[in-house]
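Each chain, letter by letter, is given below.
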Amino acid sequence: MSQTETMRPALPDPSTAPELFEGVLTRRVIAFVIDLVAMGAMILAFGLIGLIAGFLTFGLAWLALVFVVPATIVLYYGATLGSARRATLGMQMMDIVLTPTRGQPLDGWMAIIHAGVFWITAWISLPLSLVFTLFTPRRQMIHDLIVGTLMVRRSPMVRHWQARSARTTGAY
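Residues numbered from 1 in each chain as written. Predicted model: local features only at pLDDT ≥ 70, side-chain atom pairs only at ≥ 80, totals over all residues. Heavy atoms only, no water.

A. Structural detail: the pairing of strand β1 (residues 96-100). Within β1, five of the five residues are buried, which leaves the element mostly enclosed by the surrounding structure. Across the two faces of β1 the burial is the same, with Ile96, Leu98 and Pro100 and Val97 and Thr99 all buried. Both β1 and strand β2 (residues 149-153) contribute to a ladder of five bridges, which runs antiparallel. In the sheet register, Val97 faces β2, and the bridge partner there is Val152. (Buried < 20%, exposed > 50% of the residue type's maximum accessible area, 1.4 Å probe, protein only. Helix = DSSP H or I, 4+ residues; strand = E, 2+ residues; numbered from the N terminus. Pairing = 2+ DSSP bridges.)

B. Region of the structure containing the side chain of His114. Summarising the element assignment, His114 is placed in helix α5 (residues 108-132). Ignoring anything within four residues of it in the chain, the contact list for His114 reads Leu81, Leu98, His143, Asp144, Val147 and Thr149. (Contact = heavy atoms within 4.5 Å.)

C. Region of the structure containing the pairing of β2. Counting buried positions over the five residues of β2 gives five, a clear majority of the element. Burial along β2 is two-sided: the residues Thr149, Met151 and Arg153 and Leu150 and Val152 are all buried.

D. Representation of the packing of aromatic side chains. Under the defined criterion, the tally for this structure stands at five aromatic pairs. Seen in terms of ring centroids, Phe32 and Phe118 are 5.3 Å apart; in terms of plane orientation they differ by 70°. Their pairing is edge-to-face. On the criterion of sequence distance, the pair formed by Phe32 in helix α2 (residues 24-56) and Phe118 in helix α5 is long-range, its members being 86 residues apart. Each member of the pair, Phe32 together with Phe118, is buried. Ring centres 5.5 Å apart and planes at 75° place the aromatic pair Phe118 and Trp119 in the edge-to-face group. Joined through ring pairs, the aromatic side chains of Phe32, Phe118 and Trp119 make up one cluster. (Phe/Tyr/Trp six-rings, centres within 6.5 Å; stacked < 30°, edge-to-face > 60°.)

Right, here's the structure in full:
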């Protein structure tokens, strides 16, 4: 076994662990809608604060309003996907989690890059990205393949990794 094979985490396979991939695409779409609502509420709150601050600063703070939407998106994904839960609020509600596939940790920067590539691919063609998942064995979207991530169901994943670690520790 080569060093890259030992360092690379073993990814779950849909044929041996189908419960990890059941309904992931539907759950992702619903989670995205939930996240849009959450980010929309944050944008409204930040916009209202900026509007009030603009009156207090004689319009100077209104210049910062152009940064409300991009800053909210970066903060939201960095704080949620970059956390130990590796899931946005919508993903947590839909029981899905983002997992790195290339052996690097999923930190705040990786989460922001993942979200940025997602928004770029969604801006170009969200329907194409959704259809693309139908042809990948692990139901990965285009941005998942580019960044090196995998979306799986959280509760079966925990059981999957526990069973896998029990098998590997029992073998030695």
